[in-house]
Amino acid sequence: MEFTREIYWNVGHGAWTLIPMYLLAIGAFYILVKAFIGRVAVYKQGLPLQRTDRPGERAGRMLGNILLQKKVTRVQWPGLLHGFFFWGFGLLFLGTVLIVIQADFTDLLFGIKFLKGTFYKLFSIILDAAGLICLVMLGGLMARRYFFPPKGLESKKDDAIMHGLLFAILLTGFVIEGARMAVTELGTPLAVWSPVGLLFAKTMSGLGDQTLLGLHKVSWWLHLLLVMAFFILIPYTKFRHIFTTSANYFFEDLGPRGKLVNLDLEDEEAETFGATGVKEMSWKDIFDADACTLCMRCQDRCPAYNTDKPLSPMTLVNQIGEAAFTNPDANLIDIISKDVIWSCTTCRACEEICPASIEHVSKIVELRRSMVLMEGEFPGEEVMTAMEATEVNGNPLGMGYAGRGEWAEELGIKTLAEDSDVDLLYFVGCYGSFDKRNIAVAKSFVKLCQAAGVKLGILGKEEKCCGEPMRKMGNEYLYQSLAVENIELIKSYGVSRIVTSCPHCFNTLEKDYRDLGMNAELVTYTVFLEELIKTGRLKINAENLSCTYHDSCYLGRHNGIYEAPRALIAAAGGNLIEMEKNRQEGFCCSAGGGRIMAEEKIGERMNIKRVKMAVETGADMLLSNCPFCLTMFEDGVRGADVEKQLKPRDIAEVLAERI
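Residues numbered from 1 in each chain as written. Predicted model: local features only at pLDDT ≥ 70, side-chain atom pairs only at ≥ 80, totals over all residues. Heavy atoms only, no water.

## Digging into the pairing of strand S3 (residues 497–500)
Taken together, the 3 bridges between strand S1 (residues 424–427) and S3 define a ladder with parallel strand orientation. Across the sheet, Phe 427 pairs through a bridge with Thr 500, a residue of S3. By the bridge criterion, 4 bridges tie S3 to strand S4 (residues 521–524) in an arrangement that is parallel. When the sheet's bridge partners are listed, Ile 498 is paired in S4 with Leu 522. A crossover connection joins S3 to the parallel S4 through helix H21 (residues 503–510); in handedness this β-α-β unit is right-handed. (Pairing = 2+ DSSP bridges. Helix = DSSP H or I, 4+ residues; strand = E, 2+ residues; numbered from the N terminus. Right-handed = clockwise from strand over helix to strand, strands pointing away.)

## As for the pattern of salt bridges
On inspection of all chains with the given rule, the structure shows 45 salt bridges. Each of Arg 51, Lys 284, Asp 285, Asp 288, Glu 359 and Lys 363 takes part in salt bridges that share partners, so that together they form one network. (Salt bridge = Lys/Arg side-chain N within 4 Å of Asp/Glu carboxyl O.)

## Side note on helix H9 (residues 283–291)
Taking burial as the measure, the 9 residues of H9 include 9 buried ones, the bulk of the element. Every buried residue of H9 is accounted for by Trp 283, Lys 284, Asp 285, Ile 286, Phe 287, Asp 288, Ala 289, Asp 290 and Ala 291. Lining the buried residues of H9 we find helix H1 (15–43), helix H8 (241–251), helix H11 (313–326) and helix H15 (361–375). (Buried < 20%, exposed > 50% of the residue type's maximum accessible area, 1.4 Å probe, protein only. Contact = heavy atoms within 4.5 Å.)

## Some remarks on the nonpolar core
In this structure, Trp 407, Tyr 426, Leu 456 and Ile 498 are the most contacted members of the largest nonpolar core, which totals 63 residues. Looking at which element gives the most residues to this core, the answer is helix H18 (residues 436–451), with 7 residues. Counting residues in each nonpolar core, the second largest holds 61 residues, with Phe 250, Leu 332, Ala 386 and Cys 465 among its members. (Core = buried A, V, L, I, M, F, W, Y, C linked by side-chain atoms within 4.5 Å.)

## Things to note about the packing of H18 against helix H22 (residues 525–534)
Put simply, H18 and H22 touch, their axes get as near as 11 Å, and they point 25° apart. As far as their axial angle goes, H22 and H18 are roughly parallel. As H18 runs across H22, the sense of the crossing is left-handed. For the pair H18 and H22, the contacting residues are Phe 445, Leu 448 and Cys 449 in the first and Tyr 525, Phe 528 and Leu 529 in the second. (Axes fitted to C-alpha atoms, helices over the stretch in contact; angles between N-to-C directions. Parallel < 35°, antiparallel > 145°, perpendicular 65-115°, else oblique. Left-handed = near helix turned anticlockwise from the far one by under 90°.)

## A few points about unusual backbone geometry
Omega for the bond connecting Gly 255 with Pro 256 falls within 30 degrees of zero, at 0°, which places this linkage in the cis form. Here Pro 256 lies in the loop between H8 and H9. Of note, Asn 10 is a non-glycine position whose phi angle comes to about 80°, a positive value. When you line up the elements, Asn 10 lands in the segment before H1. For Met 296, which is not glycine, the phi dihedral falls at a positive 75°. Locating Met 296 in the fold gives a position in the loop between H9 and helix H10 (297–301).

## Focus: the domain arrangement of the chain
Per the domain assignment, the segments making up the chain are domain 1 (64–230), domain 2 (281–375), domain 3 (381–533) and domain 4 (540–656). A separation of 38 Å is found between the C-alpha centroids of domain 1 and domain 2. Facing 9 residues of domain 1, the contacting portion of domain 2 comprises 9 residues. Of the roughly 830 Å² buried between domain 1 and domain 2 on both sides combined, carbon and sulfur atoms contribute 49%. (Domains from an automatic or database assignment. Buried area = accessible area lost by both parts, 1.4 Å probe.)

## Re the sheet that holds strand S5 (residues 545–549)
With parallel pairing, the 4 strands of this open sheet are ordered in space as S6-S5-S7-S8. Looking along the sheet, the strands with just one partner apiece sit at the ends: strand S6 (574–576) and strand S8 (647–650). Neighbouring strand axes in the sheet, compared pairwise and without regard to direction, differ in orientation by 40° on average. Where S5 and strand S7 (residues 621–624) come together, 3 bridges link them in parallel fashion. Directly across from Thr 548, in S7, lies its bridge partner Leu 622.

## What to know about the environment of Leu 545
Looking at the secondary structure, you find Leu 545 in strand S5. Residues Leu 545 and Asn 575, 30 residues apart in the sequence, show an inter-C-alpha distance of 5.6 Å. When residues no more than four places from it in sequence are discounted, the contact partners of Leu 545 are Gly 573, Gly 574, Asn 575, Met 621, Leu 623, Val 654 and Arg 658.

## Section: a negative patch on the surface
Taken together, Asp 264, Glu 266, Asp 267, Glu 268 and Glu 269 make up a surface patch of like negative charges. If you trace the backbone, Asp 267 turns up in the loop between H8 and H9. Asp 267 gets classed as partly exposed once you look at its relative accessible area, which sits at 33%. (Patch = residues over 30% accessible without salt bridge, like charges linked within 9 Å, V, L, I, M, F, W, Y side chains within 5 Å. Areas by Shrake-Rupley, 256 points an atom, 1.4 Å probe, with all protein chains shown as cover. Lys, Arg positive; Asp, Glu negative; His and termini not counted. Charge placed at Lys NZ, Arg CZ, Asp CG, Glu CD.)

## Considerations on the packing of helix H2 (residues 55–68) against H8
Two elements in contact, H2 and H8, have axes separated by 7 Å at closest approach and are oriented at 140°. Classified by the angle between their axes, H2 and H8 sit oblique to one another. The element H2 and its partner H8 pack so that their crossing is right-handed. Along its contact with H2, which presents Pro 55, Arg 58, Ala 59, Met 62, Asn 65 and Ile 66, the element H8 presents Ser 246, Tyr 249, Phe 250 and Phe 251. Grouping the amino acids of the contact of H2 with H8 by side-chain chemistry returns 7 nonpolar, 2 polar and 1 charged. (Nonpolar A, V, L, I, M, F, W, Y, C, P; charged D, E, K, R; others polar.)

## With respect to the state of the cysteines
Considering all chains together, one arrives at 0 disulfides under this definition. With no disulfide of its own, Cys 347 lies closest to Cys 553 among cysteine sulfurs, the gap being 4.7 Å. Considering cysteine sulfurs only, Cys 588 is the nearest to Cys 553, which forms no disulfide, with 3.9 Å between them. (Disulfide = S-S within 2.5 Å.)

In structure tokens, the structure reads:
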């Protein structure tokens, strides 16, 4: 016998089948497209944003994320369920396309059949397996949602309807196959190539041919109607993410990672700065809400949410979307609430894990910009004081600018004003210049460089705060003022390479300053020291050390630097015991997003929660490479009353002791 089957068996291949089938398909497609066109009109309420440059790269990333489900499967349990369902459904869709191509085109017009022989056997068994995988995976997803839901997962009627439709589509597909096989294939060699269909066929074989013929025809048309209903409902339910999330992979920010849009503060036509309503957001900010799958991954990892702050990144994104579609003139700050907006530490944990390429942080900063630049509002008096101190003395600590370089005098480090013939400029930052605890870190770094024969120079009293905390708090004006002064100063000395020991300074100078004319090369001190050790210029005596390590958000998630600090710890002889939340999953110290200037007044203190995670490792020392983190951990060990159990230190200090 020939290994093939009759397409449109029992339902017929004439006009009475094809005309209503294609009319239904065209009608469903028309409704789907029209609904999305209506949604596009809502996206266009937002401001322009260029997200179609480098189309080849964008298309490649999009296809990679869609076909491989790379972002979805990062959370293994639900991610793999979704991934295997997607791959199975994709195969079923491809199989349906092949059937239509043969039956309604190649065979009908040219008499060419390709679904036969060995190819058909493979086609049959692959589609059977794909259908079974889809049923099992869908069952797992439904069990998770409706019987064992994780905390906070909300299920709507839309979800139940669409899940029910999918289940019915898959089930009727097997009923159709089983009824056909019970009449035509039972007892033949072909049957074994459709094992799931064979199981259905054997179950139904006692019904009799006439009953099976009727069941097959009814199921065939029901299956078609269910598929059409599913497609029609996609734009009106969360399942629109099938298209919007896929598109969002194309529209995602190509970098630099986490870089903010630079405001043109000289624009005389601008009536507002920042965003108060959806029309002051970008179209991408509105589109993100439609791409959101409500999976809660961002919320689950948000350090603010996990310390009882009112911020849920997922909720914030969807509040923006809801306002765009229902009340575009609404005040977003009132809808979202100020406490939510100020709670963010801009750590990017939400964006790192998001399977839909949603950009949460930039939305929050735009709202903050409006509050600060248009209303002069800050989260507390202490932040206002820090801003004023920065305006006067160039740092938020309120220290006189003239003493900025005093810490370096005993080490023989000169300012560029005194000697500009140096290997590289050390941009110290405010905490390394004025905070006693972090001055020790700066001195340790200088000693390491001197041991390696590297000649450093500093700017001393000429250096100003890089402006990062001010910018993340929304004070774009103060940030740009500081940045322009620093850039002009650096250029005046002809600096070609800069090293920083503060990830916030590094991130700002490396990314944000580029918009304002910075052209010098930037390197963070962990990467620089690793280079010195690898090349043999810096010799370190390894000594046993029990420690755990905290990934700074601005070194890790913002810049992808995870291994250099660990290499330094290994060089020092460290026995590194990783905390449960490390690398991309690292938990914020609480100081990012300008929060270093603000009191943490709501919920549990993040730094204490992080310190407790470190204590759980049993390590003696908590290592970091960020002055903000070190400051928070010094406070955190006191707050958690674990000063005798855990000592916070910077990696540079440990290395300097082992020169």
